[in-house]
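# Residue-level structure breakdown
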Amino acid sequence: MREALKVGISGVRGVVGQSFTPQLAASFAQAFGMYTGKGTVVIGRDTRPTGRMVEEAVIAGLQSVGNKPLIAGVVPTPTILYLTRALGASGGIAITASHNDVEWNALKFVGRDGMFLRPSEADELFDIYHQQDFPCVEEHELRRVAEIENPMQGHLDRVVEYVSETAIRAGNFRVAVDCCNGVGAIHSVPFLRDRMGCEVYSIHDQPHGRFERPPEPVPQNLDALGHTVREHECAVGFAQDPDGDRLALLDETGTPIGEDLTLALAVRQVLASHARGQIVANQSASKVIDHVAAEKKCDVLRTKTGEIYVSEKMMEIGAVAGGESNGGVIVPAVHPCRDSYTAMALVLELMAESGRSIASLRADLPKYELLKQKIPIRPSQAPGVLRAVRRHYESQKLDLMDGIYVDFGDSWLHIRRSNTEPILRIMTEAPSRAAVDKLAQEARAIIEASLK
Amino acid sequence: MKTLRVSSFGLRGHVGTSLTVPAVQDYAAAFAASIEGGRVLLGRDTRYSSPMIASAVKSSLIGSGCEVLDFGVCPTPVLQFCTARHAAEGALSISAGHMGMGWNAITLIGGDGAFLDTNSGEAVLDLFHSGDFRKATFKNQGCLSACTDYFGAYLDRLCEVVESEEIRKKEYTVLIDPVGGAGCAFLKPFADRFGLKLVAVNAEPSGYLAREPEPRPRSAQHLASFIKHVDGDIGFVLNSDVARVSIVTEEGEQASEEYSFAVVTDHVLQRRPGVVVTNSCTSRMVDDVASRHRAQLVKTRVGQSYIVAKLTDEDGVLGGEGSGSAVLPSFSLGFDCFLMMAMILESMAHSGRMASELLRALPKYHIIKHRRPCDAHAAYHAMDSIADRLSEWADGVKESSDGVRIDWEDGWVHVRPSQTEQLIRIISESTDRDRAERRAEDIAKLVDQEL
């Protein structure tokens, strides 16, 4: 069975043509307009074929309650977050279902600080929505829509200022990029070519939103990029997701190094060349990051899964870098959100300054095997399953911050409900393939037994 | 006073209270479902709320799988003209026409360019009420493209219908007041095509209504005040979607809007005899003009949709209303003031008469119009008792689905609830001004008592 609408900390997400309708989008926009007060609201979207429909509904909804929509157009999610803060807007709405398949779309809500709504803020918004009482303004109070000129400029300027442009340009890198027919198809080639001085080979670079590869930048989806890297003898392959917040890397042989290692390499470069300080990652980010931080005598703090939990903790403690295991790299000095453009710039800078290849940089990192699985589950089944898992591992070191995290020393198991889909995620990491498989099988067996 | 008016060809209401984004989305979705997600033209006027309503409409149309051609700010008659020529299933015009600030409306147009016919309109209403919409997935999602280059083709055709060369030679100085509405940006190309020296007032497409948007003698005051000083040959006062017009003569006379259709009727019948269609409360000038040309005059209820439906049935040559509108089926199936202006100028050029002379050639009547604010439900109720009271009051009372009418030798009165606004309208006409006024006053008092 499929639950076609999901309302949660990652926004409102649904299948267009089923539960996600123009009326629903307008109604949530009205609720968000009331939540922010009658200010300006930045609206941006990814390339999905349903994006324009949602955008028009959001514009109408916001205007009807007295907000002024500022249109960013088709831009990366990190750009929408950046613009919200940079333009002093009251809020922002990102129209993107991120890594979900093309039939999905979503509204993600941004606060005036340029960060996604915190859980308590999202609760207030949903409370307003559920009351369904949106006092609309009269005609003379309506505010006109405005378009943001050069919406990418400020964000990318900031990325370029953060890294050493000279070093990167001197590297004269030849790179390949897989834009996933998303926002990168418009913005990544100009960025890499004109701002980073690279010779660029791009694939899936038509911005039509009918993703020609599965949208998650995980190794099994990146064969075409691997081929491009080899064919043109590129130094690195960059794989983006449709809304440009996550990044996976391929080495010079066209081999994916695993999207969880993007964070490790980016953190390594931040600590080496930019700033020493604390690092924040979610619970299921690879232990590799602990080693990278330890080399520079820095700490890693762990949070629940969800971008906002990571960025909120980073702002709270003044962390220098952080992110998620899914290829989301966050550098607060640029902007406190996951950003594939920051990640690409940091990786190019790392290559330039170290003079080393991705494969050799990868070889420095300790070997861990990370396995991610998912099991479809009805919302009503989840609590029982999680209870069964907890009972089974009672005697181990448990952390119940976000689902169940079992720490076995050099290996771990993390089982949690997805924030975005009706599935249970099972993540395991261990130093060897055999060990990780054993752990995962054991976990699956417990779950399947409790589902019977 | 803020009730939503839902009809088979339109949705009308007060922005923010009754004409809300969800209502607009549902209505547009119902229309899209009725045409199974085909090609749709979208136009709007310049009102402050029109862009918002356009966004709500676009979301529903695209989300229902329609191919949307966005005409941006476009007068309703131009959109109607283009609908038939763009192989569209229909069109949707966002315009409050003659209504005041704070109001707006959606009008549905069929594939032939006429306001949606009753059968199709009822299908839309059924879908609207049942909420049985067409939800497109990413696979059959609609699309949106901007359409800007259409007025040239419109003018090309207009120049086939009227003799533009004859008008050009006269080099008329023409004053036009589009009340800051949808017509603003189209005046210059129109004037250029007919070789007119254009003096435009209230021609910033701001959506701000500098005067009452209904073309009436009193809304022509500004234009009339200086027409002599600029040696104007004629002045035209438009409503905000270019569907109604009244005339100001070169002498500065603010003519009743009733003259507009009468002048056009006289001009058309001179060249092409045939059936003319108008409503039951249009000036007797039109009856007289028709009989002068031995033409048959057919009467319908008030409203563009009724006029055009009858015109099509009767295969008539011209339709129109005393409120200042006309439709020429050989050109398009919409009330159109560009067409009317061109035909009035053609009439002047052809006859060599000044505007004042054109009006003087028509039989002289005095027409008095009153209106009384009144909720829709109260209006229907009140109309029943008004009809009873009137039958005590005078002979020859005729009741119909469209109000009550009394005829005398020298004139008539008509009382009816407005279809578009929360009003009861009272119209009185007579050869004698005092008598027309007295009857209108008497009936207004009667209406006041009933309310």
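Residues numbered from 1 in each chain as written. Chains lettered and ligands numbered in written order. Predicted model: local features only at pLDDT ≥ 70, side-chain atom pairs only at ≥ 80, totals over all residues.

On to the overall build of chain A, then. On a plain count of helices and strands, chain A comes out with 15 helices and 21 strands. Since a compact globule built from 452 residues should have a radius of gyration of about 22 Å, the 21 Å found for chain A is in line with a globular shape. When its C-alpha atoms are laid out on the principal axes, chain A stretches across 65 × 60 × 40 Å. Expressed as a percentage of its 452 residues, the buried residues of chain A come to 57%. Counting contacts in chain A only where the partners sit at least 6 residues apart, residues at least 24 apart contribute 69% of the total. (Helix = DSSP H or I, 4+ residues; strand = E, 2+ residues; numbered from the N terminus. Rg over C-alpha atoms; globule rule 2.2 N^0.38 Å. Buried ≥ 20, exposed ≤ 12 C-beta atoms within 10 Å, placed from the backbone. Contact = placed C-beta atoms within 7 Å.)

What follows deals with the overall build of chain B. When helices and strands are tallied, chain B shows 15 helices and 20 strands. Over its C-alpha atoms chain B spans a radius of gyration of 21 Å, differing by no more than 12% from the 22 Å that the globule rule assigns to 451 residues. Taking all 451 residues of chain B together, 57% fall into the buried category. Sequence-distant contacts in chain B: of pairs separated by 6 or more residues, those separated by 24 or more amount to 69%.

Domain parsing of chain B yields domain 1 (5-150), domain 2 (161-360) and domain 3 (366-450). Averaged C-alpha coordinates put domain 1 of chain B and domain 3 of chain B at centres separated by 34 Å. (Domains from an automatic or database assignment.)

Residues and elements named next belong to chain B. With mixed pairing, 4 strands are arranged side by side in an open sheet as 9-8-10-11. Looking at the sheet topology across the chains shown, the edges are occupied by strand 9 (197-200) and strand 11 (245-249). Adjacent strand axes in the sheet meet at a mean angle of 25° when their direction is disregarded. Here strand 8 (residues 173-177) pairs with strand 10 (residues 234-238) via 4 bridges, running parallel. Among the inter-strand pairings, valine 174 is bridged to a residue of strand 10, identified as isoleucine 234. (Pairing = 2+ DSSP bridges. Axes fitted to C-alpha atoms, helices over the stretch in contact; angles between N-to-C directions.)

Attention shifts here to the interface of chain A and chain B. Contacts between the two partners involve 30 residues from chain A and, on the opposite side, 26 residues from chain B. Listed by contribution, the elements that provide at least two residues to the side of chain A that touches chain B are helix 1 (22-36) and helix 2 (51-64) of chain A. At 9 residues, helix 2 of chain A tops the list of elements feeding residues into the side of chain A that touches chain B. Counted by class, the side of chain A that touches chain B contains 14 nonpolar, 10 polar and 6 charged residues. (Nonpolar A, V, L, I, M, F, W, Y, C, P; charged D, E, K, R; others polar.)

Examined at the domain level, chain A breaks down into domain 1 (5-153), domain 2 (170-364) and domain 3 (369-451). For domain 1 of chain A versus domain 3 of chain A, the separation of C-alpha centres amounts to 34 Å.

Look at helix 1 of chain A against helix 2 (residues 50-63) of chain B: their axes get within 9 Å of each other, and the N-to-C directions meet at 150°. Along the contact surface, helix 1 of chain A presents A:Pro22, A:Ala25 and A:Ala26, while helix 2 of chain B presents B:Ala56, B:Ser59, B:Ser60 and B:Gly63. Taken together, the residues that form the contact of helix 1 of chain A with helix 2 of chain B break down as 4 nonpolar, 3 polar and no charged.

What follows is about unusual backbone geometry. All names here are of chain A. Despite not being glycine, asparagine 181 has its phi angle at roughly 55°, a positive value. Within the fold, asparagine 181 resides in the loop between strand 8 (174-178) and helix 7 (184-195). Backbone geometry at glutamate 233 places phi at a positive 50°, although glycine is not the residue there. Structurally, the position occupied by glutamate 233 is in the loop between helix 8 (223-231) and strand 10 (236-240). Accessibility expressed as a C-beta count within 10 Å gives 11 for glutamate 233, which makes it exposed.

Residues and elements named next belong to chain A. The 7 strands lie next to each other as 1-2-6-5-3-4-7, forming an open sheet whose pairing is mixed. The two strands at the open ends of the sheet, each matched to only one other strand, are strand 1 (5-8) and strand 7 (146-147). Both strand 3 (residues 40-45) and strand 4 (residues 68-74) contribute to a ladder of 6 bridges, which runs parallel. For glycine 44, the partnering residue across the bridge sits in strand 4 and is glycine 73.

Further remarks concern the nonpolar core. Of all hydrophobic cores here, the largest spans 279 residues; its most connected members are A:Val58, A:Ile93, A:Val267 and A:Val347. The dominant element in this core, judged by the number of residues it contributes, is helix 12 (residues 337-351) of chain B, at 11 residues. Here A:Val347 is in contact with A:Val236, A:Leu249, A:Leu265 and A:Ala266, once residues within four sequence places are set aside. Counting 17 residues, the second largest nonpolar core, distinct from the first, contains A:Trp412, A:Met427, A:Ala430 and A:Ile447. (Core = buried A, V, L, I, M, F, W, Y, C linked by C-beta atoms within 7 Å.)

Turning to helix 10 (residues 284-292) of chain B, a few remarks are in order. All names here are of chain B. The set of residues buried in helix 10 consists of Arg284, Met285, Val286, Val289 and Ala290. Elements that come into contact with the buried residues of helix 10 comprise helix 9 (258-271), strand 12 (276-279), strand 13 (297-300) and strand 20 (423-430). Just downstream of helix 10, arginine 294 is the residue with a positive phi angle, here 55°.

Attention now moves to the pairing of strand 3 (residues 39-44) of chain B. All names here are of chain B. A large share of strand 3 lies buried, amounting to 5 of its 6 residues. Relative to strand 4 (residues 67-73), strand 3 runs parallel, the two being bridged by 5 bridges. In the strand pairing of strand 4, arginine 39 is matched with glutamate 67. Once you follow strand 3 into helix 2 and on to strand 4, the crossover reads as right-handed. Relative to strand 5 (residues 90-94), strand 3 runs parallel, the two being bridged by 5 bridges. Residue pairing for strand 5: leucine 41 is matched across the bridge by alanine 91. (Right-handed = clockwise from strand over helix to strand, strands pointing away.)

Turning next to helix 15 (residues 433-451) of chain A. Residues and elements named next belong to chain A. Helix length check: helix 15, at 19 residues, gives a terminal C-alpha distance of 27 Å against a target of 27 Å (1.5 Å per residue), a fit within 8%. When we look at burial in helix 15, the residues that qualify are Val436, Leu439, Ala443 and Ile447. The arc that holds the buried residues of helix 15, viewed along the axis, is 70°, so those residues lie on one side. Residues of helix 15 that are exposed and point more than 90 degrees away from the buried face comprise Arg433, Ala434, Gln441, Ala445, Glu448 and Ala449. (Expected span 1.5 Å × (residues − 1). Arc of directions from axis to C-beta.)

Another point: the environment of A:Leu439. Relative to the assigned elements, A:Leu439 resides in helix 15. Residue A:Leu439 is classed as buried on the basis of its 21 C-beta neighbours within 10 Å.

What follows concerns the environment of B:Ile167. All names here are of chain B. Relative to the helices and strands, isoleucine 167 is located in helix 6 (residues 164-170). Considering only alpha carbons, one finds isoleucine 167 and glutamate 346, 179 residues apart in sequence, at a separation of 5.9 Å. Setting aside its immediate chain neighbours within four residues, isoleucine 167 contacts Phe194, Gly195, Leu345, Glu346 and Ala349.

Glancing now at the confidence of the model for chain B. On average, chain B scores 93 in pLDDT, and the residues at 70 or more come to 99%. In the predicted complex, the global pTM is 0.90; the interface-specific ipTM is 0.87. (pLDDT = per-residue confidence, 0-100.)

Relative to the assigned elements, A:Arg230 resides in helix 8. C-alpha separation for the pair A:Arg230 and A:Gly254, spaced 24 residues apart in sequence, amounts to 5.8 Å.

Residue and element names in this part refer to chain B. Most of strand 10 sits inside the fold, with 5 of its 5 residues counted as buried. A two-sided burial pattern is seen for strand 10, the buried positions comprising Ile234, Phe236 and Leu238 on one face and Gly235 and Val237 on the other. Taking the residues that link successive antiparallel strands as the turn, the strand 10-strand 11 hairpin has 6 residues, and the phi of valine 242 there is positive, at about 60°.

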